[in-house]
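Structural description and commentary
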Amino acid sequence: MRLTPCTRPVVLLAFSTVWAQNLAPQDQTKAPDADTIHINVNLVQVDAVVTDSKHHLVTDLKASDFQIVQDGKPQKITNFSYVNLMPGDSDAAHATPTAPKTKGAPPPPPNMVRPERARRMLALVVDDLGLSFDSVGRVRGALKKFVDEQMQPGDLVSIMLTGRGMGALEQFTADKRILYAAIDHVRFNSLGRVSVNGGMSRGREEEGINAAGSLGAIRYVVNGLRELPGRKAVVLFSQNMKLFSRGGENDRVLQGVRELEDAANRASVVIYSIDPRGLETLQLDASDNTTRMSPRQLARVPQAKAREQFDSREGLFALANDTGGRFYADTNDIGGALHDAVADTEGYYLLGYHPDASTFDVNGRPKFHNVKVKVLRAGLDVRSRSGFFGRSDLLHPVKPQGPAAQMRAALTSPFGASGVHMRLTAVYAQAPTGSVIDAMVHIDAKDLHFTDQPDGWHQAVFDIAAVTFDPNGQAIDSTSKTFTARLKDAALQNALANGLIYNVPHPVKKPGSYQLRIALRDDDAAGAVGSASEFVEVPDLSKGKLTLSSLVLRKYLPQQSAPAPAQAPADAGAAKAGNQTAAANSAQSLSSPAIRTFKPGDEIVYGYQILNAHQESNKKADIETYARVYRDGKEIFTSPPRPMEDSAPAGGKELVSGGILKLGAQMKPGDYVVQVVVNEKGGKSTATQSTDFEVESGVGSQPRQ
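Residues numbered from 1 in each chain as written. Predicted model: local features only at pLDDT ≥ 70, side-chain atom pairs only at ≥ 80, totals over all residues. Heavy atoms only, no water.

Reading across from one edge, β7-β13-β4-β15 is the order of the 4 strands in this open sheet, with antiparallel pairing throughout. Every interior strand has two partners, whereas the edge strands, β7 (77-84) and β15 (381-384), have only one. Across the sheet, the mean angle from the axis of one strand to that of its neighbour is 30°, orientation sign disregarded. In terms of strand pairing, strand β4 (residues 44-51) meets strand β13 (residues 347-353) through 5 bridges, oriented antiparallel. Paired with V46 across the two strands is L351, which belongs to β13. (Pairing = 2+ DSSP bridges. Helix = DSSP H or I, 4+ residues; strand = E, 2+ residues; numbered from the N terminus. Axes fitted to C-alpha atoms, helices over the stretch in contact; angles between N-to-C directions.)

For Q309, the location among the structural elements is in helix α6 (residues 295-322). By relative accessible area, Q309 is classed as buried at 12%. (Buried < 20%, exposed > 50% of the residue type's maximum accessible area, 1.4 Å probe, protein only.)

By size, the foremost hydrophobic cluster in this structure holds 34 residues, and its most contacted members are I443, L448, F462, I464, I518 and L520. Listed by contribution, the elements that provide at least two residues to this core are β17 (422-431), β18 (434-443), β20 (458-469), β21 (475-487), α9 (489-498), β22 (500-507), β23 (512-522) and β24 (529-538). With sequence-adjacent residues up to four places away left out, L520 is seen in contact with M407, V420, M422, I443, L448, F462, D463, I464, A528, V529 and G530. Residues F172, L215, M241 and L316 belong to the second largest nonpolar core, which totals 31 residues. (Core = buried A, V, L, I, M, F, W, Y, C linked by side-chain atoms within 4.5 Å. Contact = heavy atoms within 4.5 Å.)

Counting buried positions along strand β31 (residues 623-631) yields 8 of 9 residues, so the element is predominantly enclosed. Bridging between β31 and strand β33 (residues 642-644) involves 3 bridges; their strand directions are antiparallel. Its bridge partner being in β33, E624 is matched across the sheet by P643. Inspection of the sheet shows β31 paired to strand β35 (residues 670-680) by 8 bridges, in the antiparallel sense. Counted as the bridge partner of E624 is N679 from β35. Examined bridge by bridge, β31 and strand β32 (residues 634-638) share 4 bridges and lie antiparallel to one another. Bridged to R631 within β32 is K634. Adjacent in sequence and paired antiparallel, β31 and β32 are bridged by 2 residues, among which D632 carries a positive phi angle near 55°.

Rendered as structure tokens:
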């Protein structure tokens, strides 16, 4: 495979080793459609978790087993269901995929999960503004244990910090590489409100401002989760969230907690808070300055410490209690607390009722309405949200207003905008001029607004911006263009059926981990916005380690004698700007690597570069390659190893390889991951690369003869 970024953004594939294998059908477990919370004048929905005396979930209750009380008045339950986020066999659902047992085999590829198909959405928020040095270490250990042992197939997880902006690592992902890198960036924040040894590092006023900053960061996460499907969980690690609820200017923290609780309730987010300080004795220790203390003062030290501890936890308890979560403290097993919090998210009851008209009084400041869910069966514990402000979701927008703000939010938020559906393929490759990331975006043209023009033309105008971020949230490279797509009738129908493709190359100046984010805004009055992102690792080739470029997939078209460029021909109604192209798809562009969507029976062509391969004096590389296919973290297919027979190209810096995967006629719809493995014989080194693809229902192309 050759990726040529030099004069135009095309991806050319040339294969040296081609082979075909049938992929057998695989059973699929489909996650249920998860309902979301609605709060409006016609319906209020509340989610509730019920556990027994051993904290196990209770799943067999009926509507008659519950009672809902709003502001002291019982409500008639009109909607009821139980949502199970971990369907199927319990043991299978909790089995963590493990690496193959074959000696020397590489680990499986990162699992790919799209938000609409996620079973659980977990935001692990580290309040580094409210943690001591020791607590940060304990949190890091708990996060690593969770990623190592407790993540399940179908989980989307994000690790975020309250004390810094969103970078390449703050995204919802099932890729453990990204999560491990995010954990490495969890460090003590000297600008926080907690000192190195856990004491208060700032005055009361400054501490309140700092706490309000943490609440604002958490609310940003919650508001972003609102657009994602289903019930979501935020696990907050902090040891200092004082409410200052006894008067004074710092009541802003109490109000901030209330606003955050309301936002969480509307976004179907439950908050679990964990104080990582562990079990404290509250007695005098070596860190206490007892100089000039009288015996009476010394005797009061434990009491003062207890009061300080209680105050520091007040906000953490309120956030968990009022959103239906749990507060964990006084435990040295932080990993166990995180495990229990995540296990609590596996299912819930959804109860709805029709509120009184007075609940949503639009005159004056909205009133907070208390809601209590009671379970009538003895011996059970129920947790639900404490209430909501009397304003309808329809009158409470949270989206940014204005084109510039919408594009900025789409580019900087870890949450994807879905007004325009997009699929991003970010391909790293090595070119004569250096490393390059080629961004290929497949856009659903049905989400764009086309206006009729004279002489039978149809026109859509949209802005596209692309930014690469490093792990610290710094923008490395950016580009933006306004495109005008003018299409005739046939080309328009083609675009509506098959989408548009946008290509742009991003030169990379140095090795590292990057996140490429793409945002699109339709210039129509409605201003629909879409975004997509992908994590890309650019290796350091100077170290001489065997490395692979990104893996590129496309549909095999029998009528083509060679793989086609990843762009449509000029007569397909292309709208060009510089060296970037937005084009309606033709039969040729249907095989673009930007699409990665196939049907049962299709043949998938894949290719990649092999870099830093060890070469003998005859300029031959002693290499064998094979491919593996995964679904839900489980290997379902492995091809036999085949030797790499081609010699190196001019310069001897890279090899090209690839193959063909033939999907079985009964291939189940869903998301899959293909991984290629390259071994240098004699055990010199191994390199892997992977990418995801989707199988749709229907029948694909006929097999080659």
